Amino acid sequence: MLELHDAPLAPLTTFRLGGPATRLVTATTDDEVIATVREADAAGTPLLLIGGGSNLVIGDKGFDGTALRIATAGFRLEDGELELAAGEVWTDAVARTVEAGLAGVECLSGIPGSAGATPIQNVGAYGQEVSSTITEVVVYDRRTGETVTVPNADCGFTYRHSRFKAAPDRYVVLRVRFRLEDAGGLSAPLRYAETARALGVEVGDRVPLAAARETVLKLRAGKGMVLDPDDHDTWSAGSFFTNPILSAAEYETFLGRVRDRLGEDVTPPAYPAGDGHTKTSAAWLIDRAGFTKGYGSGPARISTKHTLALTNRGEATTEDLLALAREVVAGVRDAFGVTLVNEPVTVGVGL
């Protein structure tokens, strides 16, 4: 294990923001991960887990405790069964499954971060979610001190949520296992209209895996959602807010606010979300509340490519970023009565 003290954390995040950690440990095996967690828990030391750093907002004062960077490696693919160590780079792993001719995660290409984060957030994009292919997740349970295997049915997957996200101080993801489909080199049926349009096919159609991956990468890049160190639009956490899910009563009130503000002929995006709930678009809300692409005059601004991404233009502090986030949340609430919820995990700070 590599151990550093008063170690900068900003370079380990896609925002490139945040102060130092009192202690930074980089673990390259599951045993090292578990040993570091046990040591911190036994001593009562605060512990911060870091994977790819693509979903973290760390305060300017940093982290007073042990930051554990999970850099484990392991990719095993056999007969459609995929096992990834938590530290594997997610988008690289997806590329390898496409090269192997297996479908199920190809539309999750280009998503930054590590494999271990995918079940926590139930990572999804362009019509796919990892919950549809994950079979089980191997975790270290800090409460019992044991390593356990959690089957899909017990993971509590919902939109951008899971059992692991609900108890962030209990579970440490070590390995994730998936079941992929051999469809003769074709993708899973396309579920996202934008992807289908870009490929010139219908929703529900299958296309060559490589074509699906390349199309998703182009769509993401056009929105600043593929990491590029020279492009400040990608110095972000991707989508900063989740899409709101509204009850029937909340949705009717929301529609009234839309009519009052934008007119009777404007209909917001709406998608069934189960149990009488409706999901609407956070990006639409932000834009229609007046926060357009490129909004802001300081070092933290909305991306010039996508309204859902808040970005560091190179000289921002975490407080600059949070000030912008709070402004957006307040503006959307005032305009439409909907409170946006941040998707990234905040460390030592909050909205």
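Look up a bit, the structure's there.
Everything in this summary refers to the structure shown in the same document. Given the structure is predicted, the values throughout are model-derived calculations rather than measurements.

Turning our eyes to something else, we now look at empty space enclosed by the protein. For the structure on display, the rule yields one cavity of 30 Å³ or more. The space that makes up the largest cavity amounts to roughly 30 Å³. Glu106, Cys107, Tyr126, Gly127, Gln128, Ala188, Pro189, Leu190 and Arg191 are the residues that line the largest cavity. Residue classes in the lining of the largest cavity are distributed as five nonpolar, two polar and two charged.

Here the focus is the packing of aromatic side chains. Scanning all chains against the criterion turns up nine aromatic pairs. With a centroid separation of 5.3 Å and an interplanar angle of 75°, the aromatic rings of Tyr126 and Tyr192 are classed as edge-to-face. Taken together, the positions of Tyr126 in the loop between β8 (124-125) and β9 (128-129) and Tyr192 in the loop between β12 (171-179) and α5 (193-199) put the pair 66 residues apart, joining distant regions of the chain. Owing to a relative accessible area of 10%, Tyr126 belongs among the buried residues under this scheme. Consider the rings of Phe240 and Phe241, whose centres lie 5.0 Å apart with planes at 70°: the pair is edge-to-face. Phe241 carries the same exposure label as Phe240, and that label is buried. Of the aromatic side chains, those joined through ring pairs into one cluster are Tyr251, Phe254, Trp284 and Phe336. The positively charged end of Arg16 is found above the aromatic ring belonging to Trp235, 4.2 Å away from the centroid. Over the ring of Phe75 we find Arg96; its NZ or CZ atom is 3.7 Å from the centre of that ring.

This paragraph deals with the environment of Thr307. Take Thr307: it is sitting in the loop between β16 (300-302) and β17 (310-312). Non-local contacts of Thr307, meaning those with residues more than four positions away in its chain, are made with Ala283, Ile286, Asp287, Phe291, Thr292, Lys293 and Ile302. In this structure the side chain of Thr307 is engaged in a polar contact, spanning 3.4 Å, whose partner is the backbone oxygen of Ala283.

Take the layout of surface pockets next. Considered as a void within the structure, the second largest pocket measures approximately 430 Å³ in volume. As for the second largest pocket, its lining consists of 24 residues, of which Thr14, Gly52, Val89, Gly113 and Leu227 are closest to the centre. Looking at the lining of the second largest pocket residue by residue, the classes come out as 11 nonpolar, 10 polar and three charged.

Looking now at the sheet that holds strand β13 (residues 245-246). Strand order in the open sheet formed by three strands is β13-β15-β14, with antiparallel pairing between adjacent strands. The sheet terminates laterally at β13 and β14 (271-272), the two strands that pair on one side only.

Each pair of packed helices gets described by two things: the angle between the helix axes and the distance between those axes. At a minimum axis distance of 9 Å, the contact between helix α2 (residues 90-99) and helix α6 (residues 209-222) shows a crossing angle of 155°. With respect to α6, the element α2 is oriented roughly antiparallel. For the pair α2 and α6, contact is made by Thr91, Val94, Ala95 and Val98 and by Leu209, Ala210 and Arg213, respectively. Taken together, the residues that form the contact of α2 with α6 break down as five nonpolar, one polar and one charged.

So, how was this worked out
- Residues numbered from 1 in each chain as written.
- Predicted model: local features only at pLDDT ≥ 70, side-chain atom pairs only at ≥ 80, totals over all residues.
- Heavy atoms only, no water.
- 1 Å grid on protein atoms, 1.4 Å probe; cavity = no way out; pocket = protein on both sides within 12 Å on 5 of 7 lines; lining within 4 Å.
- Points joined across faces, edges and corners; volume = space filled by probe spheres on them.
- Nonpolar A, V, L, I, M, F, W, Y, C, P; charged D, E, K, R; others polar.
- Phe/Tyr/Trp six-rings, centres within 6.5 Å; stacked < 30°, edge-to-face > 60°.
- Helix = DSSP H or I, 4+ residues; strand = E, 2+ residues; numbered from the N terminus.
- Buried < 20%, exposed > 50% of the residue type's maximum accessible area, 1.4 Å probe, protein only.
- Lys NZ or Arg CZ within 6 Å of the ring centre and 35° of its normal.
- Contact = heavy atoms within 4.5 Å.
- Polar contact = N/O pair within 3.5 Å; in protein donor to acceptor, adjacent residues only side chain to side chain.
- Pairing = 2+ DSSP bridges.
- Axes fitted to C-alpha atoms, helices over the stretch in contact; angles between N-to-C directions.
- Parallel < 35°, antiparallel > 145°, perpendicular 65-115°, else oblique.

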